[in-house]
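Notes for the structure review
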Amino acid sequence: VVPEFVRQYAASKGAPLDFRDHGPIARGQIAAEDTAIAQAMARGDTVLVHDTDLVSTVVYCHHYFGRCPEFIEELAVARRATHYLLLDIDVPWVPDGVRDRGDRRDELQALFV
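Residues numbered from 1 in each chain as written. Predicted model: local features only at pLDDT ≥ 70, side-chain atom pairs only at ≥ 80, totals over all residues. Heavy atoms only, no water.

Thoughts on the nonpolar core
In plain terms, the rule: Nonpolar cores were defined as sets of buried Ala, Val, Leu, Ile, Met, Phe, Trp, Tyr and Cys residues, with membership established by side-chain atoms within 4.5 Å. Any residue under 20% of the maximum accessible area for its type is buried, any over 50% is exposed, and the rest in between are partly exposed; the area is computed with a 1.4 Å probe on protein chains only. Labels follow the DSSP assignment, with helices taken as runs of H or I lasting at least four residues and strands as runs of E lasting at least two, numbered in each case from the N terminus. Contact between two residues is taken to exist if any of their heavy atoms lie within 4.5 Å; hydrogens are not considered.
Membership of the largest hydrophobic core is limited to eight residues, which are Ala 26, Ile 30, Leu 54, Val 58, Cys 61, Cys 68, Ile 72 and Ala 76. Secondary structure elements with two or more residues in this core: α2 (22-43), α3 (54-65) and α4 (70-78). The dominant element in this core, judged by the number of residues it contributes, is α3, at three residues. When neighbours within four sequence positions are excluded, Val 58 is seen to be in contact with Cys 68, Ile 72, Glu 73 and Ala 76.

Topic: the state of the cysteines
How we decide: In this description, the term disulfide denotes a pair of cysteine sulfurs within 2.5 Å.
Tallied over the entire structure, the rule returns zero disulfides. Residue Cys 68 stays outside any disulfide, its sulfur separated by 3.7 Å from that of Cys 61, the closest cysteine.

Some details on the packing of aromatic side chains
Under the convention used in this document: To pair, rings of Phe, Tyr and Trp, with the six-membered ring standing in for Trp, must have centres within 6.5 Å; the planes then decide the type, stacked if under 30 degrees apart, edge-to-face if over 60, and tilted in the middle.
Here the structure, examined in full by the defined rule, presents five aromatic pairs. Aromatic side chains Tyr 60 and Phe 112 sit 5.7 Å apart centroid to centroid with 75° between the ring planes, which places their arrangement in the edge-to-face category. Here Phe 112 lies in helix α5 (residues 105-112) and Tyr 60 lies in helix α3, a separation of 52 residues in the sequence. Three or more aromatic residues link up through ring pairs in this structure, and these residues are Phe 19, Tyr 60, Tyr 64, Phe 65 and Phe 112.

Quick look at unusual backbone geometry
The residue Arg 101 is not glycine, and still its phi comes out positive at about 60°. Along the chain, Arg 101 falls in the loop between α4 and α5. Under the relative-accessibility criterion, Arg 101 is labelled partly exposed at 25%.

Points about helix α1 (residues 5-13)
Cut-off, in case you're wondering: This arc is built from the directions going out from the helix axis to the C-beta atoms.
Of all the positions in α1, only Phe 5, Tyr 9 and Ala 10 are classed as buried. Relative to the axis of α1, the buried residues are bounded by an arc of 120° and lie together on one face. Along α1, exposed side chains directed more than 90 degrees from the buried face belong to Gln 8 and Ala 11. The elements touched by buried residues of α1 are α2. Gly 14 lies just past α1 and shows a positive phi near 75°.

Examining the pattern of salt bridges
The cut-off we apply is this: Note on definitions: salt bridges are taken to be side-chain nitrogens of Lys or Arg within 4 Å of carboxyl oxygens of Asp or Glu.
Throughout the structure, instances matching the rule amount to nine salt bridges. Salt-bridge contacts for Arg 79 lead to Glu 33; the nearest nitrogen and oxygen are separated by 3.1 Å. One end of the pair, Arg 79, is in the loop between α4 and α5; the other, Glu 33, is in helix α2, with 46 residues separating them in the sequence. What makes Glu 33 buried here is its relative accessible area of 2%. We note a salt bridge from Asp 34 to Arg 79, for which the minimum N-O separation is 2.8 Å. With Asp 34 in helix α2 and Arg 79 in the loop between α4 and α5, this pair connects stretches of sequence that are 45 residues apart. One connected set of salt bridges, linked through shared partners, spans Lys 13, Asp 18, Arg 20 and Asp 21.

Here you go:
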């Protein structure tokens, strides 16, 4: 399992994310994925589950800033997973100090679709 890098990054920053954070977020996500892939291969695992990947980074960039650095979009395409499981937004939204915009879940879901 590859954990969600941005959650840890956002919590440790202690301030709202801004557009400049997306480069470090993308590089951190890539490093987490590469580490998990290497560990999975060493164990002979054939399935790797990503909590998020660079597609999520692209979606959130567009959601918050209306744009995304081109290199992140290119890497998201190059590194895309074989399968995606997109869950519905049918459970109550609960703020947790990192998530916001609970009133815009439909908009965000549409970007993921």
